[in-house]
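# Structural overview
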Amino acid sequence: MGRGRTLGGSAVLWALLAARVAAAFEPVSVGIAIGAVSALTGYLSYSDFYCRFAECCNEERPLNASALKLDLEEKLFGQHLATEVILKALTGFRNNKNPKKPLTLSLHGWAGTGKNFVSQIVAENLHPKGLKSNFVHLFVSTLHFPHEQQIKLYQDQLQKWIRGNVSACGNSVFIFDEMDKLHPGIIDAIKPFLDYYEQVDGISYRKAIFIFLSNAGGDLITKTTLDFWRAGRKREEIQLKDLEPVLSVGVFNNKHSGLWHSGLIDRNLIDYFIPFLPLEYRHVKMCVRAEMRARGDAVDEDVVTRVADEMTFFPKDEKIYSDKGCKTVQSRLDFQ
């Protein structure tokens, strides 16, 4: 009797191991292995087992709003507007079981203010593997769309890529970096996917998320932020309504924004234009401390001050804002 139990347990173990190895190859082999395990155990389903060893698209996976809020508040510095709007937008979108269109966010501000970092946080909160997920797709303008004479080719490729990936996973995430370096007209190829259509060629895009990252509008954001500072008002008093209208118009009329005269703006398909404010000296120090903790180092305030002091600030007279945000903090910390 004991020997029979041992043999049965061994059979289950070997079937499980076989399935794990098979997962590295293709689903059919996995299905065979799972069938063997199911016959022995009576409770494993294909999807349950397969998704233990391979990434699966779970369109019903709820967003942990508390975790997202904590990530934004603890890891993003000096960006009260971005924290507030992104949390509100994502939570509302994911709680809506029947959205009328995909969620489209356009993040604007100078380099080093946290746009890429936020897109990483968003990706990790939507899909466990974050930017490494099969369902998160990053496009970099200078890498994926470098040649102006090939705009038509890029438009076709972009449509096929998005169509194929949304077919595989309805809540796919698409991130477009360096929008300000994207040739005008390319992004309009995805306009049908962002519009209020129930389906396009039999595919629903309503649960997908599109995020644009751009330096365009950084001058407009800085002007408003500086006006508040010169008026003796706190940056935390700046509201989205102080920046979003001028930002959307400015980007629409900017030939180097990637959204110049774009139908995405003309048709109001971008849900939020999110400004990233220029970072002050105190924010740079926050970035240094966070980087030291991420490396497992004890926070040394002398080092924090040295790194922050090495940064350059603008405007020329007031020297309030870091001209590179926190972008060079990591490399500067390497030489301390």
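Details of the structure are given in the entry above.
Below you will find a few notes about this structure. (Residues numbered from 1 in each chain as written. Predicted model: local features only at pLDDT ≥ 70, side-chain atom pairs only at ≥ 80, totals over all residues. Heavy atoms only, no water.)

## Overview of the nonpolar core
Judged by nonpolar contacts, the single largest core of 64 residues is most densely connected at I162, F176 and I190. If one sorts the elements of this core by residue count, helix α5 (residues 80–95) sits on top with eight residues. Among all residues touching F176, those that are not within four sequence positions of it are F139, L158, I162, I187, I190, F210, I211, F212 and L213. Core analysis: the second largest hydrophobic core is formed by 15 residues, L279, V284, A308 and F313 among them. (Core = buried A, V, L, I, M, F, W, Y, C linked by side-chain atoms within 4.5 Å. Buried < 20%, exposed > 50% of the residue type's maximum accessible area, 1.4 Å probe, protein only. Helix = DSSP H or I, 4+ residues; strand = E, 2+ residues; numbered from the N terminus. Contact = heavy atoms within 4.5 Å.)

## A few points about the layout of surface pockets
A probe as big as a water molecule, rolled over the atoms, marks out the empty space that is left. Of the pockets and cavities examined, the largest pocket occupies roughly 910 Å³. Lining of the largest pocket is provided by 33 residues; of these, G114, F117, C326, K327 and Q330 occupy positions nearest its centre. Elements with a contribution of two residues or more to the lining of the largest pocket: α4 (65–75), α6 (115–126), β3 (173–177), β4 (209–214), α13 (281–294) and α15 (329–334). Sorting elements by how many residues they give to the lining of the largest pocket places α6 first, with five residues. For the lining of the largest pocket, the per-class residue count stands at 15 nonpolar, nine polar and nine charged. The space that makes up the second largest pocket amounts to roughly 180 Å³. Lining the second largest pocket are 13 residues, and of these E59, R61, R94, N96 and K97 lie nearest its centre. Along the lines of polarity and charge, the residues of the lining of the second largest pocket split into four nonpolar, three polar and six charged. (1 Å grid on protein atoms, 1.4 Å probe; cavity = no way out; pocket = protein on both sides within 12 Å on 5 of 7 lines; lining within 4 Å. Points joined across faces, edges and corners; volume = space filled by probe spheres on them. Nonpolar A, V, L, I, M, F, W, Y, C, P; charged D, E, K, R; others polar.)

## Notes on helix α14 (residues 301–310)
Buried within α14 we find V303, V304, V307 and A308. The buried residues of α14 occupy an angular sector of 130 degrees when the element is viewed end-on, so they sit on one face. On its buried face, α14 sits against α13, β6 (313–314) and α15. Sitting at the amino-terminal end of α14 is D300, which places a side-chain oxygen 2.9 Å from the backbone nitrogen of D302. (Arc of directions from axis to C-beta. Polar contact = N/O pair within 3.5 Å; in protein donor to acceptor, adjacent residues only side chain to side chain.)

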